[in-house]
Amino acid sequence: MPTSMTDSIAEDEIRHPTKELTVGEEVAIEMIAVHKWFGEFHVLKDINLTVNRGERIVICGPSGSGKSTLIRCINRLEEHQKGTIVVDGVELTNDLMNIEMVRSEVGIVFQSFNLFPHLTVLENLTVAPIWVRNVRKAEAEEAAMKYLERVKIPEQAAKYPGQLSGGQQQRVAIARSLCMNPRIMLFDEPTSALDPEMIKEVLDVMVELAESGMTMLVVTHEMGFATAVANRVIFMDFGEIIEQNEPHEFFNNPQHERTKLFLSQIL
Amino acid sequence: MADSAQTYETGKHPELPPPRTEVGVLGWIKHNLLSSPLNAVMTFLAILFLWFLIPPLFEWIVLDAVWTADSRKECWDKMEVPEGAACWAFITGRFRLFIYGFYPEASRWRVNLSFVLLLLAIVPVLYDKMPGRKFGLWYAMAFPFITGWLLVGGFGLTPVDTDQFGGIMLTLVIGVTGITFSLPIGILLALGRRSKMPVLRILCIMFIEFIRGVPLIALLFIASSMLNFFLPPGTVFDLLIRVLIMVTLFASAYIAEVVRGGLQGIPKGQHEAADSLGMTYVKAQLLIILPQALKISIPGIVNTFIGLFKDTTLVLIIGMLDPLGIGRASLADAVWSGLSREVYLFVALFFFICCFSMSRYSLYLERKLHTGH
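Reading the values: the criteria
Residues numbered from 1 in each chain as written. Chains lettered and ligands numbered in written order. Predicted model: local features only at pLDDT ≥ 70, side-chain atom pairs only at ≥ 80, totals over all residues. Heavy atoms only, no water. Salt bridge = Lys/Arg side-chain N within 4 Å of Asp/Glu carboxyl O. Helix = DSSP H or I, 4+ residues; strand = E, 2+ residues; numbered from the N terminus. Pairing = 2+ DSSP bridges. Axes fitted to C-alpha atoms, helices over the stretch in contact; angles between N-to-C directions. Contact = heavy atoms within 4.5 Å. Buried area = accessible area lost by both parts, 1.4 Å probe. Polar contact = N/O pair within 3.5 Å; in protein donor to acceptor, adjacent residues only side chain to side chain. Nonpolar A, V, L, I, M, F, W, Y, C, P; charged D, E, K, R; others polar. Core = buried A, V, L, I, M, F, W, Y, C linked by side-chain atoms within 4.5 Å. Buried < 20%, exposed > 50% of the residue type's maximum accessible area, 1.4 Å probe, protein only. Domains from an automatic or database assignment. Right-handed = clockwise from strand over helix to strand, strands pointing away.

Looking now at the pattern of salt bridges. Enumeration over the complete set of coordinates arrives at 28 salt bridges over all chains. Between Lys137(A) and Glu141(A) there is a salt bridge, with the nearest N and O atoms lying 3.8 Å from each other. Residue Lys137(A) and its partner Glu141(A) are both found in helix H4 (residues 137-150); the two are separated by 4 residues, about one turn of the helix. Residues joined in a network through salt bridges with shared partners are Arg193(B), Glu209(B), Arg212(B), Glu257(B) and Arg260(B).

Pasting the structure below:
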């Protein structure tokens, strides 16, 4: 069983889901033979991945293995050069309309939060619903307060991001994504920039999100979170998916040499 | 008084007041004026310098100055020592000329009205807490056109030729027009220069680099003389309009580079966050990127505006009479010649008041928009 490491928290500290997490039949994301290059560097090699609705997938791997690039391709923050990506039935091509449609359906939480520093917390949450979805201001604010309560910081609504702690900022970032009512949430190392005591508050919110049935792709090294919540763990190295399995099997019975090596280094 | 030597149990240490010499007036004096022996000497020398400089200057400018007279001779006769003080009579006697230029007497109320309209337009732009600010901003956008129309004699008024514009009024016309139009044009140029579309990007780069590479005076000469070669024969294209266009384009190239600097200061993550929420390019720029980029650019933008405002004096080279031009023309008057100090001080004071206000406003704006903490 995984034990704690310096920059993550022990598994028994993670809140475990209180209800059974289920996976739907419907396909949410389909990646077929996806390749991507950064200049000469072949960063994603023949990625094939099908994600069903309600799946919670944790992606791990050494740095530079392409895991962030993979999830960033799903909302087209990175453009893939070969292969097909279909999100919620919409294929990602150069069509800007499609890209904006997919982006408003797919939320992403970044390692560095990327809150808008010139807007208050409440404005951070309402700016996209008001200007992208044309929701009325009062309605958007009401919804935003609901999500702030869900991430347990309604009292910070009037503050600016610069006045909050890292953990609070990341929870605001999660709430900001949720305000667009996304059907899929991507997490790009959401706890890597946080102090250990703040990691738990962010992970708790993510567990709660999993309980609500959200489809989640999480790039993280929090193996405790993976065992508690994920139904599949994917290991990537050198731009390839090396191995994927349900968490218990993945951690206790890794098949591939590189997976074993990686696990022995981080656990 | 808390005894500094007193010891407390661990975890029970109370919050003590800071030493008296560290806060308040004493603290300020200690930290700012006497922080080191060298600093104390410098403070003493500065006080000494001001002691010898200020009183005579004040006497020359205010106490001994003559405010009413009909000629330089009369002015100097009124003084204890001839030429020993300022002769402001020269300025007060020509005050209206300095303000209105050669704008016809009977129509000068239009200039006064324009000035009031200008103040009304500035308020909603500068103060965001004003009630009904939205309408104020719409008005501010319409202001340059309304006033321009008013000054040249639209609305059925007697037409006034723009070569009768002069003095402070001319400075304000050029300065305000340049400032209001160069900011939006500059922002568009900056966005264009960062565009992914090569044709647009190259056009913007060429424009910016050409304008920045040519002195404003050269552009003004081009405006006053060469432009006629490029226009169809017989076209009458007002000289003031040409000057306004040149000054605006000149400032917009500088604004573009200042704003581009601001845009480069915005982390990539802000673009990604805006994109990931489904915002279009225009919405992302207007709501997320530009508000932050412009905030960073405030010192540079105001710097450019101040430069533009002072550069308006260059129009005297192509024969337009701004306050400096009027001053120089007045000095040619034999009755008054020899009072150049007064004239240039007066013109300097006018520009200083305008530019210093802009500078203070930019500091206020920076403080107000600071959300970092």
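Working definition: the strands of a sheet are paired by backbone hydrogen bonds and lie parallel or antiparallel to each other. Residues and elements named next belong to chain A. Taking strand neighbours across the sheet as the criterion, the 6 strands line up as S6-S7-S8-S3-S9-S10 in an open arrangement whose pairing is mixed. Edge positions in the sheet fall to strand S6 (106-109) and strand S10 (240-245), since each has one partner strand and no second. Mean inter-strand twist for the sheet, computed between neighbouring axes without regard to direction, equals 20°. Inspection of the sheet shows strand S3 (residues 56-60) paired to strand S9 (residues 232-237) by 4 bridges, in the parallel sense. Residue pairing in the sheet places Ile57 in a bridge with Arg232 of S9. Set on the sheet, helix H2 (residues 96-105) makes contact with S6 and strand S7 (184-188); between it and S6 the angle comes to about 65°.

Moving on, we get to the interface of chain B and chain A. Facing 20 residues of chain B, the contacting portion of chain A comprises 24 residues. Summing the contributions of chain B and of chain A, the shared interface buries around 1,900 Å²; its carbon and sulfur component is 63%. Three residues, Ser276(B), Leu277(B) and Thr371(B), lead the burial of chain B against chain A; their summed loss comes to 29% of the area buried on that side. At the boundary of chain B and chain A, one finds 1 salt bridge. If you look at where chain B meets chain A, you find 6 residue pairs in polar contact (both at pLDDT 80 or more). Mapped onto the side of chain B that touches chain A, the elements with two or more residues apiece are helix H12 (268-276) and helix H13 (281-311) of chain B. In terms of residue count, the dominant contributor to the side of chain B that touches chain A is H12(B) (8 residues). In the side of chain B that touches chain A, the residues fall into 7 nonpolar, 9 polar and 4 charged.

The biggest cluster of nonpolar side chains holds 122 residues, and the ones touching the most others in it are Met31(A), Ile59(A), Leu70(A), Leu217(A) and Met279(B). A total of 13 residues in this core trace back to one element, the largest contributor, which is H13(B). Look past the residues within four positions of Ile59(A) in its chain and what remains in contact with it is Lys67(A), Leu70(A), Ile71(A), Leu217(A), Val218(A), Val219(A), Thr220(A), Ile234(A) and Met236(A). In this structure, Leu125(A), Val151(A), Val205(A) and Met214(A) belong to the second largest nonpolar core, which totals 52 residues.

Before going further, it helps to spend a moment on the domain arrangement of chain B. In terms of domains, chain B is made up of domain 1 (18-57) and domain 2 (161-369). Just the C-alpha atoms count here: the centres of domain 1 of chain B and domain 2 of chain B sit 40 Å apart.

Let us look at the sheet that holds strand S4 (residues 82-87) of chain A. All names here are of chain A. Pairing is antiparallel in the open sheet, where 4 strands are placed in the order S2-S1-S4-S5. Either end of the sheet is taken by a strand with one partner, and the two such strands are strand S2 (41-52) and strand S5 (90-91). Bridge count between strand S1 (residues 27-38) and S4: 5 bridges; the pairing is antiparallel. Counterpart to Met31 in the pairing with S4 is Ile85. In the packing of helix H1 (residues 67-74) onto the sheet, the strands contacted are S1, S2 and S4, and the crossing angle to S1 comes to about 125°.

Let us look at the pairing of S7(A). All names here are of chain A. Of all the 5 residues making up S7, 5 are buried; the element is thus mostly covered by neighbouring parts of the structure. Neither face of S7 is left uncovered, since the one carrying Ile184, Leu186 and Asp188 and the one carrying Met185 and Phe187 both have all their residues buried. Bridge count for S6 against S7 is 4 bridges, and the pairing is parallel. From the neighbouring strand, Gly107 faces S7, where its bridge partner is Met185. Relative to strand S8 (residues 215-219), S7 runs parallel, the two being bridged by 5 bridges. Paired with Leu186 across the bridge in S8 is Leu217. Between the parallel elements S7 and S8, the chain passes through helix H6 (residues 196-211) in a crossover that is right-handed.

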